[in-house]
There are 2 protein chains.
Amino acid sequence: MELGFPLAPGATIGILGGGQLGRMLALAAARLGFDVVILTPELDAPASRVARETLIASFDDADALARLADLCDVITYEFEKVPAAAVERLKALGAPVAPNDETLAVAQDRVAEKTFLNAAGVATVAFAEVHDTQSAAAAAALIGVPSLMKTRREGYDGKGQKWVEHVADAAGVFEALGGVPCILEAPADFVRELSVIAARGRDGGLAIYPLAENHHEGGILRRSVAPAPAAPDLAGQAERIAAQILTRLDYVGVIGIELFGLADGRLLANEIAPRVHNTGHWTQDGCEVCQFEQHIRAVAGWPLGPTDARVHVEMINLLGDEAGAWLKLAAEPETRLHLYGKREAKPGRKMGHVNRLSPL
Amino acid sequence: MELGFPLAPGATIGILGGGQLGRMLALAAARLGFDVVILTPELDAPASRVARETLIASFDDADALARLADLCDVITYEFEKVPAAAVERLKALGAPVAPNDETLAVAQDRVAEKTFLNAAGVATVAFAEVHDTQSAAAAAALIGVPSLMKTRREGYDGKGQKWVEHVADAAGVFEALGGVPCILEAPADFVRELSVIAARGRDGGLAIYPLAENHHEGGILRRSVAPAPAAPDLAGQAERIAAQILTRLDYVGVIGIELFGLADGRLLANEIAPRVHNTGHWTQDGCEVCQFEQHIRAVAGWPLGPTDARVHVEMINLLGDEAGAWLKLAAEPETRLHLYGKREAKPGRKMGHVNRLSPL
């Protein structure tokens, strides 16, 4: 274990980002006796209201990064779009950052991500790299159609991607996506979407939660069911995938791995999120140690906690106005309500979630 | 229900006091989407580090109270020694305070407390009021010896009390306690100490947790076991006691009621704490809705949550240096660790607690 770890209670954990994931990380950190400092450009961010201190600055503000490095014993993040330069700067200042920058580089580029996954022995859909109209056409000829073109960087919740229906259309789709570097992916012939939340500690120890089955609407996670029904024979595969990824990345923290479940029983990795993950919110009420505490344990160099499900959970995101049903939801004895303290309920915005519990 | 209740998420809850109870209340409030403002004279208080804002001032600072009333939609407290004048001031400023001032008056005076309990049909030990050497002698003659003299106000963890061994000693004991108003209590011939944590909502609804069995050392709570072993026949009694007390006080919030379990199966009420209670910490991991969320629900005018035990819990306080065992404790899979973020581990100081879980 690196010098200075495990961190004793009373140490300070820095979090890049002030949204709901940062908020729930801060709550978990507080339970274990840690202080939290948030860096976010947002005024009145959800995480700020449960942290000891907030530095309000952009992620490339050198002074703010220096102050954060000075205040914190370890720094983590709640979103994977953290500028690589910010992490480099923090490292140069001697601040330990977890997960590491190799992970960020992989998670920020869809070609690097799938290349990494395959090299780690984890199957994905077929893919090809696209950087101009010529390579777009070549990729479509190689992968076949229909296939899905996505920008290599950015893009989330279904944004920054378009279907290629005919090989001849590939160049046009590339240009419609802005002519930025892209990836072309074969469609996944999946029967369901799954995810596995896993953690790796500073001692290399692994903790892997049961699979969740996920349902998206309009590219946004709508609900997760965990442990995923009829998935016991998939658990071994998921654990192998998680272990391969975490070990290869020398990862520290919680990771969310999105998977496609194929009709033949195989799992393909879709993408990785190097952070606590929306499909892991069920662990807050479904497990003795949730993904948020697990992440804090990992980055602080603590032993990881148990991951068994104690109950069956249906996690439902509360989007936009849906959070307005709080009174009805609070009255349901089987429902645990989690609200993020966001001031404005824009359509599709994640305002909270519920975990509905039922016996295993 | 009063005007303005139930409070919508996003509302602000004020807490008088910044210790561990305030901290755990603030964490529970955040989970439900509330903001928290703390009033405490203490710099860098445990609760401040998880609150949106802290007013650092004494509890009789008129400006601070006015500011708190202005910022908050409801105000509660984490300790029962809140000056009555502060609550009056807040009420005069139009700020709803829960639990109410009648409760505080009862909880702050041992004679008023036992008088209230008896009037509510709740049995206590025999007692008599003492205000001078003459009434001390008369009380000892009436109650008998040995009996326990306590100051009516203040005093906790065994402080401010002395045994009267002979009737002739009573006046001297009264003087040794400072000549302040006292109570003389008959000893409770109990076989064990128990407590019941209960809540009453703004709609008058009740939620009562299973009994805990408590073990003190040197006047400080050492451990609680819940649900208390072999107590099912006591549950009805405890529920009746809790219901009587809460209803009579028109109470809003969580209350801790300390009980003596007698050899003949009867329960006597020892004292009431109008707040979340150390003997209720087991509910954090033993119940779906813990005492902290329950208190927030109650003061916010929300429906109360379920109180069933889902698991058996042994709660152990970590006093002083004992919290130094955090690494060993964090490695125990059945142990949930709760640390308060206190900077200095003085002997006997409550630094945290663990909940050790086992199947029901």
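Residues numbered from 1 in each chain as written. Chains lettered and ligands numbered in written order. Predicted model: local features only at pLDDT ≥ 70, side-chain atom pairs only at ≥ 80, totals over all residues.

A.B. asks: Tell me about the sheet that holds strand β4 (residues 74-77) of chain B, and name the residues and values.
C.D. replies: Residue and element names in this part refer to chain B. An order of β3-β2-β1-β4 is seen for the four strands of this open sheet, with the pairing classed as parallel. Strands at the two margins of the open sheet, each flanked by one partner only, are β3 (53-56) and β4. The average undirected angle you get between the axes of adjacent strands in this sheet is 20 degrees. Summarising the sheet, strand β2 (residues 35-40) and β3 pair through four bridges and their orientation is parallel. (Pairing = 2+ DSSP bridges. Helix = DSSP H or I, 4+ residues; strand = E, 2+ residues; numbered from the N terminus. Axes fitted to C-alpha atoms, helices over the stretch in contact; angles between N-to-C directions.)

A.B. asks: Which residues make up the interface of chain A and chain B, and what values go with them?
C.D. replies: With 32 residues of chain A at the interface, the matching set in chain B holds 32 residues. Looking at the side of chain A that touches chain B, the elements that each hand over two or more residues are α1 (20-31), α11 (326-330), β16 (335-339) and β17 (350-358) of chain A. Ranked by residue count, the leading element in the side of chain A that touches chain B is β16 of chain A, at four residues. When the residues that make up the side of chain A that touches chain B are grouped by side-chain class, the tally is 18 nonpolar, six polar and eight charged. (Contact = placed C-beta atoms within 7 Å. Nonpolar A, V, L, I, M, F, W, Y, C, P; charged D, E, K, R; others polar.)

A.B. asks: I'd love a proper account of the environment of A137 of chain B, names of residues and values included.
C.D. replies: Residues and elements named next belong to chain B. Structurally, A137 can be placed in helix α6 (residues 133-143). Counting along the chain gives 32 residues from A137 to D169, while the straight-line C-alpha distance between them is 7.9 Å. Apart from residues no more than four positions distant in its own chain, A137 is found in contact with V167, A170 and A171.

A.B. asks: Can you explain the relation of the copies chain A and chain B? Please cite residues and give values.
C.D. replies: It takes a turn of 180 degrees to lay chain A on chain B, together with a shift of 0.0 Å along the axis; the resulting RMSD is 0.0 Å. The symmetry that links the two subunits is that of a two-fold axis. Across chain A, the smallest distance between a C-alpha and the rotation axis is recorded for V50 of chain A, namely 2.0 Å. (Least-squares fit on C-alpha atoms with pLDDT ≥ 70 in both.)

A.B. asks: Mind laying out the packing of α1 of chain A against helix α1 (residues 20-31) of chain B, listing which residues take part and the relevant values?
C.D. replies: To characterise two packed helices, one gives the angle between the axes of the helices and the distance between these axes. The geometry of α1 of chain A relative to α1 of chain B is characterised by a closest axis approach of 11 Å and an angle of 160 degrees between their N-to-C directions. In terms of their interaxial angle, α1 of chain A and α1 of chain B are classed as roughly antiparallel. Considering only the axes of α1 of chain A and α1 of chain B, their crossing is left-handed. Residue-level inspection shows L27, A30 and R31 of chain A of α1 of chain A in contact with α1 of chain B, the latter providing L27, A30 and R31 of chain B. (Parallel < 35°, antiparallel > 145°, perpendicular 65-115°, else oblique. Left-handed = near helix turned anticlockwise from the far one by under 90°.)

A.B. asks: Outline helix α3 (residues 84-92) of chain B, supporting the account with residue identities and numerical values.
C.D. replies: Residues and elements named next belong to chain B. By the burial criterion, the buried members of α3 are A86, V87, R89 and L90. Around the axis of α3, the buried residues are gathered within 160 degrees of arc, so they sit on the same side. What points out from α3, more than 90 degrees from its buried face, is the exposed set A84, A85 and A92. Considering only its buried residues, α3 is in contact with β1 (12-16), α2 (62-71), β4 and α4 (101-107). G94 sits one or two residues past α3 and shows a positive phi near 90 degrees. (Buried ≥ 20, exposed ≤ 12 C-beta atoms within 10 Å, placed from the backbone. Arc of directions from axis to C-beta.)

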